[in-house]
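Structural characterization, general
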There are 4 protein chains.
Amino acid sequence: MGDSTARTDKEEPLGLVPRLKGQGYAREDVEHRRRWVEEKTACRLAHVGSHSIPTEAMRGNVENPVGAAQVPLGVAGPLVVRGEHARGSFYVPLATTEGALVRSYERGMAAIARAGGAEARACLDENRVSPVFAFGTVAEAHDFALGLGEVFESLRAAAEATTRHGKLLRVEPRAVGREVIVDFCYYTADAQGMNMIARATEAACRWLVGARRARDYLLMTGHCSEKRASAKLFAGGKGKRVVAGALLPARVVKTYLHATPEGFRDLWRRTVVGHLHAGAVGYNGHYANGLAALFIACGQDAANVVNSSVGVTNFEVTEAGDLYASVTLASLTVATVGGGTGQGTARECLEMLGCAGAGRAPKFAEIVAATLLAGELSMGAALASGEFVEAHETYGRNRPEESNQPEESEQT
Amino acid sequence: MGDSTARTDKEEPLGLVPRLKGQGYAREDVEHRRRWVEEKTACRLAHVGSHSIPTEAMRGNVENPVGAAQVPLGVAGPLVVRGEHARGSFYVPLATTEGALVRSYERGMAAIARAGGAEARACLDENRVSPVFAFGTVAEAHDFALGLGEVFESLRAAAEATTRHGKLLRVEPRAVGREVIVDFCYYTADAQGMNMIARATEAACRWLVGARRARDYLLMTGHCSEKRASAKLFAGGKGKRVVAGALLPARVVKTYLHATPEGFRDLWRRTVVGHLHAGAVGYNGHYANGLAALFIACGQDAANVVNSSVGVTNFEVTEAGDLYASVTLASLTVATVGGGTGQGTARECLEMLGCAGAGRAPKFAEIVAATLLAGELSMGAALASGEFVEAHETYGRNRPEESNQPEESEQT
Amino acid sequence: MGDSTARTDKEEPLGLVPRLKGQGYAREDVEHRRRWVEEKTACRLAHVGSHSIPTEAMRGNVENPVGAAQVPLGVAGPLVVRGEHARGSFYVPLATTEGALVRSYERGMAAIARAGGAEARACLDENRVSPVFAFGTVAEAHDFALGLGEVFESLRAAAEATTRHGKLLRVEPRAVGREVIVDFCYYTADAQGMNMIARATEAACRWLVGARRARDYLLMTGHCSEKRASAKLFAGGKGKRVVAGALLPARVVKTYLHATPEGFRDLWRRTVVGHLHAGAVGYNGHYANGLAALFIACGQDAANVVNSSVGVTNFEVTEAGDLYASVTLASLTVATVGGGTGQGTARECLEMLGCAGAGRAPKFAEIVAATLLAGELSMGAALASGEFVEAHETYGRNRPEESNQPEESEQT
Amino acid sequence: MGDSTARTDKEEPLGLVPRLKGQGYAREDVEHRRRWVEEKTACRLAHVGSHSIPTEAMRGNVENPVGAAQVPLGVAGPLVVRGEHARGSFYVPLATTEGALVRSYERGMAAIARAGGAEARACLDENRVSPVFAFGTVAEAHDFALGLGEVFESLRAAAEATTRHGKLLRVEPRAVGREVIVDFCYYTADAQGMNMIARATEAACRWLVGARRARDYLLMTGHCSEKRASAKLFAGGKGKRVVAGALLPARVVKTYLHATPEGFRDLWRRTVVGHLHAGAVGYNGHYANGLAALFIACGQDAANVVNSSVGVTNFEVTEAGDLYASVTLASLTVATVGGGTGQGTARECLEMLGCAGAGRAPKFAEIVAATLLAGELSMGAALASGEFVEAHETYGRNRPEESNQPEESEQT
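Residues numbered from 1 in each chain as written. Chains lettered and ligands numbered in written order. Predicted model: local features only at pLDDT ≥ 70, side-chain atom pairs only at ≥ 80, totals over all residues. Heavy atoms only, no water.

**Quick notes on the interface of chain B and chain A**
To be explicit about the condition: Throughout, a residue-residue contact means that at least one pair of heavy atoms, one from each residue, lies within 4.5 Å. Buried area is a sum: the accessible area each of two parts loses on coming together, probed at 1.4 Å, counted once for each and added. Just to be clear on terms, a salt bridge is a Lys or Arg side-chain nitrogen sitting within 4 Å of an Asp or Glu carboxyl oxygen. Think of it this way: any DSSP run of H or I at least four residues long counts as a helix, any run of E at least two long counts as a strand, and we number them from the N terminus. Under this grouping Gly is polar, as are all residues other than the nonpolar Ala, Val, Leu, Ile, Met, Phe, Trp, Tyr, Cys and Pro and the charged Asp, Glu, Lys and Arg.
On the chain A side, the residues contacting the 161 residues of chain B number 160 residues. Between chain B and chain A lies a buried interface of about 13,400 Å² when both sides are counted; carbon and sulfur atoms form 57% of it. Run the count over chain B and chain A and you get 10 salt bridges. Put simply, A:Glu179 and B:Arg269 hold a salt bridge, and the shortest N to O gap is 3.1 Å. Broken down by element, the residue count for the side of chain B that touches chain A peaks at 14 residues, all from strand β1 (residues 65–83) of chain B. Considered class by class, the residues forming the side of chain B that touches chain A number 69 nonpolar, 59 polar and 33 charged.

Written as structure tokens, this is what we have:
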């Protein structure tokens, strides 16, 4: 667009995107708006307009819609999972523009499959909102915190009156000066649930004010660490705590990953030291890559990648000389209902995993954890074996002309 | 899909996604692969197949392509920026499925526009890779670190021989026990550059081994904090350090944000305390929301949201009683060339901002920072004014039937 | 000493400090050992030998004793505390060699006293040890964690059989890969209790092995954060969670602290930003100064200053324009029995505070928190008013000749 | 003391500790003050009064002196160091009341001695103060930061005019919103130097105001992390960066530490995971124990234990099956001149190490690092071998009656 000088004359209209009837989700409204933007910015938005999601279906997911972004989608698999909820072989949809990413995850999945699959377990499944309440003195704040347990049933009633699915499990008050931060901890079933529990918590806060237990509150403090990285996330309670692990025979490590169990162990030690010196939150190879690709494919809230990528990868050599690899995700935020999960490509990708709809979130969580395990194995192997750059040259945009066959091809 | 028992008989084929000639980027190859997945998983992938990006154009961005994910795209604006590189009014594409997000950013942009726009400055623009070198003793490691400066020109020559765009600026060694982590710090122009500098650094590492300065190295340690959250990111050097700020008259705060400067100040104090108690990295309202939506729209690597969301938002009341708001992003990773930026909807979205192609990354960085500032203002206002839940009910999926006009409509 | 070349001939004796009968706590043994060291190092240890603590009384507190270190001891007060356990005016012993420290704390105490005293409350009082248990698979680890609740009574019996004072309150398991870290949470009455609960936890671990619930464990992982800085400490459970706060009228802030409530507020905002950018754990002015001086004076374990200094200071301007200041200490480790608390100067200093012996630890904790509040006020005032350097020049070692009267003198 | 109700009548005297002529450092003044405190608190301070430090010598180290705290002092050794500055065998003074601490460090020292000693290297030696400068807009702040380099010589002149020993090495500005935090980085020779560089920095700040480059500043923000734990400390610049390491043959590990190299490796992996899950800053066994004991003995500022304990311990098994152990201290704050180092027991303890006076700080730093290495080996061994509780029962206050000879005694 032309970078003209900013015009902010208070008397003039601001130039907001046009307001249309019913918020403008009709097909012609979206087209009209897109043309308006094209004109304003002197661009052609042909690809943006080439979407298959019905415009009316975008209501509730986006405002001022002009079309859809398209992200290339690849498939990696088979991912063999032996979870409580996910059992079997899966083909995992990954939306990304990072060359080599799909191939890398696929390589880890092949190694896991040859090792008999990855175990996975979800240990905790909660979500929380953390309002703060203000008082006149440290003593008043202290008394409020001490007395909160007495009114828990009333808080629960107020909170749960606003939602069919959310359950208030407990409240955890923490006095800070003359204020009290309270973690309201919920079970939100298969939804991400943040809007649901924000509403429920607001109802509970209002009850506390009505009951003269508090005068003043702020609904959110960030203490719950939604869409943030924090050490608190390790304690769980923001999404699902999920662990996935696999025992990889040395032979499989060598054949499929071109590395040795000892190489993984040494890599782990050295890179952990790198993380510690960086003041990193947790330790991992590249959780964010797999999470972002899965989340975009499956209609998850991609901003939740930030909290979901807090965890710890572990590589051990067993007494028998094999490799035990695991990932521990402290706060994985996934949903199979609500948000962006119900339509279009997101719905199809969830269906590809057998994870669309109610009752599937724990299964989906186990698949995500096992996918990340595959990615950690592949990234670790590439670094330990010195093949990292080579792999990116083969599959990335700057690869040499000769397009060699993938190394796994003979294994099919 | 059917969750059949895992079959991992070593003699049987694994069931990898079919290998096709030339990696299978022809239109019919992608269709063939998609049908294969549909069959394997008993799903219909109609939406996934409905993309406008040519399949051949996906080469280098994704492997095993089956189509594209579609993410609803809305537009917020006008965002008035007074940067060094970005000057004028912008309409910002946001790909998201989180209802109310676009409206929320738009509201902040309206307030900023009425305040005369947001200043923005990019202060630092680097990227880095952090290999580790192993030695026999603490003394050897110490000597290596001390002597690295002597061979900098050789390292630079080796590194830069692999790339036209990357420039090795300096090396920063840090002895850790008997090993030395070295940050190789580069300027990568308008590219995200991670693959570029990984290759360059590998060349430099090999030079060190060839020159018998080192025997053994591991290319990456995570010390550089690529796609991770870490406190080290505050020191900069992973992407761009960008600051955006705006002075909002109390009147604008009241009219457009339904809040007061003092309310923002109080909100800041309380929520900072929440962040500190969570052990959060930095402080922000919801950087990840804006970043994820912008990154998906504009073909950025969405996994970089993790490091890019490390920063600090600040709200001050000025002596005149107005609000000064700012965001400081320590490590914003954005690109206008390479990766996913060159095609399809991503290219169109970058063009919408006047940011497609070489020489535009600093401009794009300033726009991103100003966008996040708008989001912080809107989120802060919603919390300070107690309207957070209400806004989500109006625009989210669970809104009441009556579809009221947006509050800003009379301002257009 | 002479820096001779290291002699490490394996056949020769090492040159360990002489072993004496009964570990050598008799007066002549300590003298003999001191003379041996004097000879070995060619030093005179006259001051070291000038102690009043009986040598036999050092048994259990130190090995290879040669005397005592002397640290100058000053007194600051009156500290007016309105706690649950500590009520009244206290004179606080501070052992330090940092010039101006005592005067600085005293100044804060004077301001607090004029403001009617500091409220203080202890909210939580626990200590914990965090062993880790190893298993063969993620599933086994998961099952162990799930089943731990069933055997809690047996664990409690095993743990409490080793101690008269420690009470096992609960266990908190956390699966990490194929291992499980378990926080064993205790109440330890008035003792620091770490040795007590290490022994108790070992007994519980052995019970788990005996009951075939676990095969292998490691008693400590650092997860409990004893003598470390960690974000986990904010969740409490390592020592006492204590909050102290005071409302200081603007007039008192001006007269006693030469500052304004608004100046404190602005200081807080700016310095919090500094802490966030440093990746600091929590926020404070100089907790460690007061803690170290109090801990050395009162026979506390000075290494616990590291975990005890994790907290958050808060400065607010009230609606009436006054200052509300508070400190929140997340994991204050103090004891009034055991360790170094029973003898010599430590006992006298605890008596000075009415805190010697059983039943006094909560009182002591409140006094410590109020002392730190005084230090935060004084440090904050010195910075906000620009008098920091001046104060150190007046009281530190490099002061000018003219020895001016303390600023508070006219206020007595 | 009697816990009478707080008396804060504004008209009455506060009850401050008596003000005496010349600040009251004469022997009779200290006695008078001590008697006043005894009377006020109804205590006897006999031990407190039994010190050998002359009262006049306390001036500059403490205000309102009443005597001295005594801390039991033991000696551990021989510590064999092969540093650049420290070479030879040392007997290390440790002031502590934690039973078993001295014996534990001694055990590690014996193992190190039998292994031929510990290498040590100091890599960086700086200190810093971090003021913040306020501006009207983001652009002004940006310009200030950019232009700071131009006036560096003037800043240096202003800063160094205030000190004979401090050297301003460079300034590192960081824009944060419309403010700029500047790290002023100094070399402070053998002094801790914080007061020295605070004064120097204030002079530089005033120069900037005088030169109209800045209007407003705050001298300290905590960004430098003095006496705090922060991830920033890993980047160095707050005290000395020191590394110590030793290669311990498997035989020595077994004989002296009752453990195996593999046991150490496994311990490291498991406990690192514990630290990561706690959000700990760095990784160590118990640095704070050795640091606190050494600092109290040697007249260091004990509050600096907080920043000095930020580091990383590493245990590796070598190809030959031996153990390589190291400690990396990122920000060790030690001094051999100034503060509490010049007199009494502190001076004697520094002399014991050949570290009293100018030119000895790097040597002292290497000794401290090697001492901590000994402590890490001993603690690690106790945990890996399962002897941790046993050791504390033998040497702590709650030991059984039979006082067995130390295990090392036969090795002398």
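**Topic: the state of the cysteines**
Applied cut-off: For the purposes of this analysis, a disulfide is any pair of cysteine sulfur atoms at a distance within 2.5 Å.
Within the structure shown, the criterion is met by 0 disulfides over all chains. No disulfide involves A:Cys349; its sulfur sits 5.2 Å from the nearest other cysteine sulfur, which is in A:Cys298. We note that D:Cys185 lacks a disulfide partner, and the nearest cysteine sulfur, in D:Cys224, lies 10 Å from it.

**Considering the environment of C:Gly77**
Our working rule: Think of it in three bands: with a 1.4 Å probe and only protein chains considered, a residue is buried below 20% of the maximum accessible area for its type, exposed above 50%, and partly exposed in between.
Examined against the element boundaries, C:Gly77 turns out to sit in strand β1 (residues 65–83). For C:Gly77, a relative accessible area of 0% corresponds to the buried category. Between the alpha carbons of C:Gly77 and C:Gly166 there is a distance of 34 Å; along the sequence they are 89 residues apart. For C:Gly77, the contacting residues outside a window of four places in its chain are C:Phe90, C:Tyr91, C:Glu106, C:Met109, D:Leu16 and D:Val17.

**Concerning the relation of the copies chain B and chain A**
Put simply, the rule is: Copy-to-copy alignment: least squares on C-alpha atoms, limited to residues at pLDDT 70 or above in both.
It takes a turn of 180° to lay chain B on chain A, together with a shift of 0.0 Å along the axis; the resulting RMSD is 0.0 Å. As the rotation angle and translation indicate, the two copies are arranged about a two-fold axis. By residue overlap, the copies meet face to face through one surface: 99% of the interface positions of chain B are interface positions in chain A.

**Focus on the domain arrangement of chain A**
Cut-off, in case you're wondering: For the domains described, the bounds stem from an automatic or database domain assignment.
Domains assigned within chain A are domain 1 (16–70), domain 2 (74–124 + 240–402) and domain 3 (131–218). A straight line from the C-alpha centre of domain 1 of chain A to that of domain 2 of chain A covers 35 Å.

**Thoughts on the packing of aromatic side chains**
For the record, the criterion: Ring pairs are drawn from Phe, Tyr and Trp, using the six-membered ring of Trp, whenever the two centres fall within 6.5 Å, and their geometry is named by plane angle: stacked under 30 degrees, edge-to-face over 60, tilted for the rest.
The final tally for this structure, using the stated rule, is 26 aromatic pairs over all chains. Judged by centre distance (5.1 Å) and plane angle (90°), the ring pair of A:Trp36 and B:Tyr91 falls under edge-to-face. Of this pair, A:Trp36 sits in helix α1 (residues 27–41) while B:Tyr91 sits in strand β2 (residues 87–95), each in a different chain. Arranged with centres 4.8 Å apart and planes meeting at 40°, the rings of B:Phe135 and B:Phe144 form a pair that is tilted.

**Focus on the interface of chain D and chain B**
Counted only if it meets this: N or O atoms within 3.5 Å of each other form a polar contact, as long as, within protein, one can give a hydrogen and the other can take it, and as long as residues adjacent in sequence are counted only when both atoms are side-chain atoms.
Listed per partner, the contact involves 29 residues of chain D and 29 residues of chain B. Both sides together, the interface formed by chain D and chain B hides about 2,300 Å², and carbon and sulfur atoms give 54% of it. Along the contact surface separating chain D from chain B lie 2 salt bridges. As a salt-bridge pair, D:Arg178 and B:Glu316 come within 3.1 Å of each other at their nearest N and O atoms. Run the count over chain D and chain B and you get 16 residue pairs in polar contact (both at pLDDT 80 or more). If you list the elements that add at least two residues to the side of chain D that touches chain B, you get β3 (118–129), α4 (138–147), β5 (167–176), β8 (239–248), β9 (311–317) and β10 (323–332) of chain D. Among the residues making up the side of chain D that touches chain B, the classes are represented as 12 nonpolar, 9 polar and 8 charged.

**Digging into the packing of helix α3 (residues 101–114) of chain B against helix α12 (residues 361–384) of chain B**
Residue and element names in this part refer to chain B. Let me state the cut-off plainly: Fitting a line to C-alpha atoms yields each axis, with helices limited to the stretch in contact; the angle taken between N-to-C directions then spans 0 to 180 degrees. Note that the term roughly parallel is reserved for angles under 35 degrees, roughly antiparallel for angles over 145, roughly perpendicular for angles of 65 to 115, and oblique for everything else.
Running from amino to carboxyl end, α3 crosses α12 at an angle of 105°, the nearest separation of the two axes being 7 Å. Between α3 and α12, the angle is such that the two are roughly perpendicular. Contacts between α3 and α12 pair Ser104, Tyr105, Arg107, Gly108, Met109 and Ile112 from the former with Ala370, Thr371, Leu372, Leu373, Ala374, Gly375, Leu377, Ser378, Met379, Ala381 and Ala382 from the latter. Of the residues belonging to the contact of α3 with α12, the class tally is 11 nonpolar, 5 polar and 1 charged.

**Regarding the pattern of salt bridges**
Inspection of the entire model under this criterion finds 113 salt bridges over all chains. Among the ionic pairs, B:Glu126 bridges to B:Arg128, the shortest N-O distance being 3.6 Å. Judged by its relative accessible area of 8%, B:Glu126 is buried. Among the ionic pairs, B:Asp183 bridges to B:Lys232, the shortest N-O distance being 2.7 Å. Here B:Asp183, found in strand β6 (residues 179–187), pairs with B:Lys232, found in the loop between β7 (216–218) and β8 (239–248); they are 49 residues apart in sequence, far enough to count as distant. You can call B:Lys232 buried: its relative accessible area is 15%. The network of salt bridges with shared partners includes A:Arg178, A:Glu179, A:Asp216, B:Asp266, B:Arg269, B:Arg270 and C:Glu316.

**Comments concerning the nonpolar core**
Selection criterion: Take the buried residues of types Ala, Val, Leu, Ile, Met, Phe, Trp, Tyr and Cys, join any two whose side-chain atoms come within 4.5 Å, and each joined set is a nonpolar core.
Counting residues in hydrophobic clusters, the biggest one holds 558 residues, and the most contacted among them are A:Leu248, B:Leu248, C:Leu248 and D:Leu248. Ignoring any residue separated from it by four or fewer positions in sequence, one finds B:Leu248 in contact with B:Ala111, B:Ile112, B:Ala115, B:Val253, B:Leu257, B:Asp322, B:Leu323, B:Ala325 and B:Leu377.

**Thoughts on the packing of helix α6 (residues 194–210) of chain A against helix α13 (residues 388–395) of chain B**
The criterion, for reference: Handedness of each helix crossing follows the sense of rotation of the near helix against the far helix: counterclockwise by less than a right angle gives left-handed, clockwise gives right-handed.
Remark: α6(A) packs on α13(B), axes separated minimally by 10 Å, with the N-to-C direction vectors making an angle of 135°. Accordingly, the angle class assigned to the pair α6(A) and α13(B) is oblique. Of the two possible hands of crossing, α6(A) and α13(B) adopt the one that is left-handed. In this structure, α6(A) uses A:Asn195, A:Ala198, A:Arg199 and A:Glu202 to contact α13(B), whose residues at the interface are B:Phe388, B:Val389, B:His392 and B:Glu393.

**Some points on the side chain of D:Glu63**
Threshold: Within this scheme the basic residues Lys and Arg register as positive and the acidic residues Asp and Glu register as negative, but His and the chain ends are omitted.
Here D:Glu63 lies in the loop between α2 (46–49) and β1 (65–83). It turns out D:Glu63 is buried and unbridged, and the closest side chain with the opposite charge, C:Arg103, is 5.5 Å from it. In this structure the side chain of D:Glu63 is engaged in a polar contact, spanning 2.7 Å, whose partner is the backbone nitrogen of C:Ala100. One polar contact links the side chain of D:Glu63 to the main-chain amide nitrogen of C:Val102, over a distance of 3.2 Å. Once residues lying within four places of it in the same chain are set aside, the contact partners of D:Glu63 are C:Gly74, C:Val75, C:Gly99, C:Ala100, C:Leu101, C:Val102, C:Arg103, C:Tyr395 and D:Tyr25.

**Section: the environment of B:Glu119**
Within the secondary structure, B:Glu119 is located in strand β3 (residues 118–129). For B:Glu119, a relative accessible area of 11% puts it in the buried group. Distance in space between the C-alpha atoms of B:Glu119 and B:Ser326 is 9.2 Å, their sequence separation being 207 residues. If sequence neighbours within four positions are ignored, B:Glu119 has contacts with B:Arg82, B:Val243, B:Ala244, B:Gly245, B:Tyr324, D:Thr137, D:Val138 and D:Ala139. Polar side-chain contacts of B:Glu119 include one of 3.5 Å to the side chain of D:Thr137.

**Some remarks on the environment of C:Ser385**
Residues and elements named next belong to chain C. With respect to the secondary-structure elements, serine 385 resides in helix α12 (residues 361–385). Taking the C-alpha atoms as reference points, serine 385 and threonine 336, separated by 49 residues in sequence, lie 38 Å from one another. Looking at serine 385, its side chain comes within polar contact range of the main-chain oxygen of alanine 381, at 2.6 Å.

**Overview of the relation of the copies chain D and chain B**
When chain D is fitted to chain B, the best match, at an RMSD of 0.0 Å, comes from turning it 180° and sliding it 0.0 Å along the axis. When you check the interface residues of chain D against chain B, 100% turn up at the interface there too, and the contact is symmetric in its surfaces.

**Considerations on the pairing of strand β3 (residues 118–129) of chain A**
Remember that side chains alternate between the two faces of the sheet whenever the strand is regular. Residues and elements named next belong to chain A. Let me state the cut-off plainly: Here, any two strands with at least 2 DSSP bridges between them count as paired.
Relative to β3, strand β1 (residues 65–83) runs parallel, the two sharing 3 bridges. From the neighbouring strand, valine 81 faces β3, where its bridge partner is alanine 118. Relative to strand β8 (residues 239–248), β3 runs antiparallel, the two being bridged by 7 bridges. Looking at β8, one finds that glutamate 119 is bridged to glycine 245. Two elements, β3 and strand β6 (residues 179–187), share 3 bridges in a ladder whose sense is antiparallel. Bridge pairing in β6 places valine 129 opposite phenylalanine 184.

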